[in-house]
Structure formats: C-alpha cells, structure tokens
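Structural overview for review
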Amino acid sequence: LVLYNIPCTIRSLIHILYEDGGAQSIAGMKLGQDNTSKNVVAMFAQWGASQLVLAVIIWYVVLDHPQLTTAMLGMCELELVLRYWVSSFKKCHTAHTPPGGIGTKVLL
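Residues numbered from 1 in each chain as written. Predicted model: local features only at pLDDT ≥ 70, side-chain atom pairs only at ≥ 80, totals over all residues. Heavy atoms only, no water.

Thoughts on the environment of H15
- As for its placement among the helices and strands, H15 is situated in helix α1 (residues 2–17).
- For H15, a relative accessible area of 8% corresponds to the buried category.
- Separated by 34 residues in the primary sequence, H15 and A49 place their C-alpha atoms 7.9 Å from one another.
- With residues near it in sequence (within four places) discarded, H15 still touches G21, F44, A45, W47, G48 and Q51.
- In terms of polar contacts, H15 uses its side chain to reach the backbone carbonyl oxygen of G21, at 2.8 Å. (Helix = DSSP H or I, 4+ residues; strand = E, 2+ residues; numbered from the N terminus. Buried < 20%, exposed > 50% of the residue type's maximum accessible area, 1.4 Å probe, protein only. Contact = heavy atoms within 4.5 Å. Polar contact = N/O pair within 3.5 Å; in protein donor to acceptor, adjacent residues only side chain to side chain.)

The structure is reproduced here in structure tokens:
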C-alpha cells in the first residue's frame, strides 16, 4: 500500500502544482492558450485534489489503521479497474502514453 501511495501522492501534487497540471509536460496533451486548454488544466488540478484526498486517507490507514490495509487495497484496485474500463471508451489523445496509462496496466 505504501509503494502504491507514494506515486499517487506525488501525482496528485503534480496535477495541483504544475502550471499545466502535467497535462502537456508529462502526459503529452497538446495545449494552447484557449479556454479549452485552460479548462483541461483546471480539470487536472481538480482531479489532483481528489487524488490527494485519497492519498491522505491511504496514509491514515497505513499509519494508524493497518488492519484496514486489505480493504484499502481493494478500493485502490477497484479505482484502477474503473479507470481502465472508462479509458476503453473515453480515450485521451496524447503525443505518447502518459505515465498513468502505463502504471494502470502494470498494477492491474
């Protein structure tokens, strides 16, 4: 669970703190200066906030409630499965496969 949550925590902070939310600089999405691109960056930052909430909950389980590790691993696996399923019909068009796409396949 710790090995899963370290990159999750870093990823969430990148989405929040990077100027482009990591959309272009890491994921390879072509962004311009238009409102659509600004919306993509805003959505990445909001997604990062949601990811950070999950990361904090995972750290809480790891540090204070290790008896819930199995349940938390199940929730993490469910999130990965759902993200993979949604990506099968809602494709992102990027210059290369983003790290999250690779990581999801590896972890599944």
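A short note on the packing of aromatic side chains
- In this structure the tally under the stated criterion is 2 aromatic pairs.
- Between F44 and W47 the ring centres are 6.0 Å apart and the planes differ by 85 degrees, which places this aromatic pair in the edge-to-face class. In this pair, F44 and W47 are both assigned in helix α2 (residues 35–64), 3 residues apart and thus about one turn of the helix distant.
- Residue F44 is classed as buried on the basis of its relative accessible area of 11%. (Phe/Tyr/Trp six-rings, centres within 6.5 Å; stacked < 30°, edge-to-face > 60°.)

Observations regarding the nonpolar core
- Counting residues in each nonpolar core, the largest one holds 8 residues, listed as L1, Y4, C8, I58, V61, M72, C76 and L80.
- For this core, the secondary structure elements donating two or more residues are α1, α2 and α3 (69–89).
- The element that contributes the greatest number of residues to this core is α3, accounting for 3 residues.
- With 5 residues, the next largest nonpolar core counts M29, L31, V41 and F44 among its residues. (Core = buried A, V, L, I, M, F, W, Y, C linked by side-chain atoms within 4.5 Å.)

Some points on the pattern of salt bridges
- In total, this model carries 1 salt bridge according to the counting rule given.
- Between E79 and R83 there is a salt bridge whose closest N-O contact spans 3.0 Å. Taken together, the residues span about one helical turn, with E79 and R83 both in helix α3 at a distance of 4 residues. (Salt bridge = Lys/Arg side-chain N within 4 Å of Asp/Glu carboxyl O.)

Points about α1
- Helix length check: α1 (16 residues) gives 22 Å between terminal C-alpha atoms against 22 Å at 1.5 Å per residue, within 8%.
- When α1 is considered as a whole, its buried residues turn out to be Y4, N5, C8, T9, S12 and H15. In an axial view of α1, the angular spread of the buried residues amounts to 130 degrees, which keeps them on one side of the axis. Projecting away from the buried face of α1 at angles above 90 degrees are the exposed residues L3 and L17. (Expected span 1.5 Å × (residues − 1). Arc of directions from axis to C-beta.)

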